[in-house]
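Analysis of the macromolecular model
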Amino acid sequence: MSNEQTTNNSVSTQKIGSVSPEFAVTTLLAKTEPDSIEIGDNLYTQADTVDISSYQYWLTLDDFKKLKSLGIKSVIVKITQGTSYSNSYSSQQISLAEQAGLSVSVYHYATFSDSNSGYAQGQYAAITMKSLGLSNKTLIFADMEDSKTLSPTVQAGLYSFWDALSNAGFVNHAVYTFASYAYLNQVTATVDNARTWIAQYPYTPLRGGSYENEWGTDGYGGWQFSSTAHLPGRESMGTLDVSHDYNGLLTNYNIGTVANVQIINNTVQVSGWHIANLSDVEPYAFIIMYDSTTGHEITRVSYTPSQRFDLYNTYKNIASSADSGFNTVLTIPSEYQFGGKNIQFILRYSDDINGNGNYTDIWSRTYTFSNNVGYVDSFSLGANNTLHVSGWHAADASTILKNAFLIVYDDTTGKEITRVQYTPTSRPDVAKNGYGYIYDASQSGFSTTINLGSYLVNGHKLQVVMRYSDSSTGEGEHTDVWSNSYTMANASAGYVDSLSLGANNTLHVSGWHAADASTILKNAFLIVYDDTTGKEITRVQYTPTSRPDVAKNGYGYIYNANQSGFSTTINLDSYLVNGHKLQIVMRYSNTTSGEGTRIDYWSEQKKF
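Residues numbered from 1 in each chain as written. Predicted model: local features only at pLDDT ≥ 70, side-chain atom pairs only at ≥ 80, totals over all residues. Heavy atoms only, no water.

Here we take up the sheet that holds strand S16 (residues 323–331). If you trace the 4 strands from one edge of the open sheet to the other, you get S11-S12-S16-S15, paired in antiparallel fashion. At either margin of the open sheet sits one strand with a lone partner, and together these are strand S11 (254–264) and strand S15 (306–307). (Pairing = 2+ DSSP bridges. Helix = DSSP H or I, 4+ residues; strand = E, 2+ residues; numbered from the N terminus.)

Tracing the sequence through the fold places Asn-523 in strand S30 (residues 523–530). The class for Asn-523 is buried, based on a relative accessible area of 13%. In sequence terms Asn-523 and Ser-589 are 66 residues apart; their C-alpha atoms lie 5.1 Å from each other. Discounting residues that sit within four places of it in the chain, Asn-523 has contacts with Gln-541, Arg-587, Tyr-588, Ser-589, Asn-590, Thr-591 and Thr-592. Within the structure, the side chain of Asn-523 is placed 3.1 Å from the side chain of Gln-541, a separation counted as a polar contact. (Buried < 20%, exposed > 50% of the residue type's maximum accessible area, 1.4 Å probe, protein only. Contact = heavy atoms within 4.5 Å. Polar contact = N/O pair within 3.5 Å; in protein donor to acceptor, adjacent residues only side chain to side chain.)

What follows concerns the sheet that holds strand S28 (residues 492–502). The sheet built from 3 strands is open, its strands ordered S28-S29-S32 with antiparallel pairing. Each edge of the sheet is formed by a strand with only one pairing partner; in this case those strands are S28 and strand S32 (565–571). Ignoring strand direction, the axes of neighbouring strands in this sheet form an average angle of 20°. Two strands pair when backbone bridges link them, and S28 and strand S29 (residues 506–515) are joined in this way by 10 bridges, in the antiparallel orientation. (Axes fitted to C-alpha atoms, helices over the stretch in contact; angles between N-to-C directions.)

In this structure, Phe-64, Phe-141, Met-144, Leu-158 and Leu-165 are the most contacted members of the largest nonpolar core, which totals 66 residues. Ranked by residue count, the leading element in this core is helix H5 (residues 154–167), at 5 residues. Dropping the residues within four chain positions of it, Leu-165 is found in contact with Gly-122, Ala-125, Ala-126, Met-129, Ile-140, Phe-170 and His-173. By size, the runner-up hydrophobic cluster in this structure holds 32 residues, among which are Val-301, Leu-347, Phe-369 and Ala-394. (Core = buried A, V, L, I, M, F, W, Y, C linked by side-chain atoms within 4.5 Å.)

Every second residue of strand S6 (residues 140–143) is oriented toward a common face, with Ile-140 and Ala-142 on one face and Phe-141 and Asp-143 on the other, all of them buried. Where strand S5 (residues 103–109) and S6 come together, 4 bridges link them in parallel fashion. Counted as the bridge partner of His-108 is Ala-142 from S6. Tracing the backbone out of S5, into helix H4 (residues 115–131) and back to the parallel element S6 gives a crossover that is right-handed. As judged from the 4 bridges shared by S6 and strand S7 (residues 173–178), these two strands associate in the parallel manner. Opposite Phe-141, over in S7, you have Ala-174 as the bridge partner. Handedness of the crossover joining S6 and S7 through H5: right-handed. (Right-handed = clockwise from strand over helix to strand, strands pointing away.)

Below, the structure written as structure tokens:
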């Protein structure tokens, strides 16, 4: 930083740190001054911030944009020195930096040594900040390096400087000084290390090097590691001071995320975390639900940040990171319908108990509350031609479409078979596994048995239409989710284990017949067919008997395989079968005569 009243912008040698012993010989032989650093060079410590004064009057909007593209996140602008000097370029520099998308803080070059002079300089800095139109939350550094500040009463002077600023409404304070400053401990004690920006210039500040690690380990907020950096292509215009940010102090750290949104009836449960280095001066935490479709706030709730030691392990240099979590519930106003709306959540720290005043925000992604998702977990055809269906259907529109339906649709014929209305049941797993942002996802389940009556579905492709409707018939305004297409099994298998002609012209037949269609074709028949004459001889109806061996030996996938047996004697009366070839037709039919809708399985021929 620079003293523009009495010195030029040369390097202050007292900021150049001593070199570690293992590199001392090399440094003495190879280095006589700090490296000239090109901003963006990955060899050196990451430059996050530049600080500027009137010496950098030459910086243009394109220059600031270039700095941002090279990784610079913030600019710290000198505004005042003592009680009479102000940087005449500061307004322009602040404006251009902000236009380039950079965060802006300011600094005052201190020359006070006691309470009276400290308060006077604080007043002067505050007046200048107001004239520049800076917000009350703007971070201001006290630049503590001038020889005039080297006094045992400098700490009292700095406290008075802060008091003057606070009385004017500027409460976001931090200190800049250098490593060998005689009263380092006294000035840092007014804000603590985390809000101290320390200056010390190694000859070669390597990325990840010992000095970079040292100042971070010591808990400092930022490290000014060079005053001999330059913007590529603008070397002739002069040098820039560059600094590395440890905890967000220099870059106005403000990060957070909405991890989960779950809507249950008229409440929204929101969880996540928010870390901001301004939270110490903006201590009131809020979650605001905002309708970005209409541009209006829906509701807000204050909360006390909860412990998040997992985040502290990552952001341990930010004091507030240990208490940065939230898991809170917002109540949706009864008159508000958010189906079809675009909603965002604003994470806020404010200096006002109601969440207004000065604040630091993060906006969540947009949640489009026209979501409509469903899934059929299981789908099976059971006894008596009943279809068992289970799954879930979550839709934001169900806030107003209160009638839930399952519609069975025959994709083969292009017709609806039937529909049933149901009451959604608890499905907390749906909300927990990525769909909690949908209204009532935790109450979206269904598990029901649907009677298909006499409708034969075997061999057809079916779909389930999951519907919410504003009508008790399932028509009217509605929103649908269609399931996958299910091909209904139509397997039919059978076997005649024994076929023999006995006394009195009777035929004994035993074996089994399993068919998926027997779910609806309930009448089982054995038909004796004369292959020699091409005529049916006779038929008998039977009741299938237990055949667990059929199910166990490769046919368990067919409905009724376990109950598919027959063993019966058929009277052929006077029909002469000797010398003829016979076959047994195993049949399931929907009529007691064995005609109508039916499915057959023919045995092999047997000659008598």
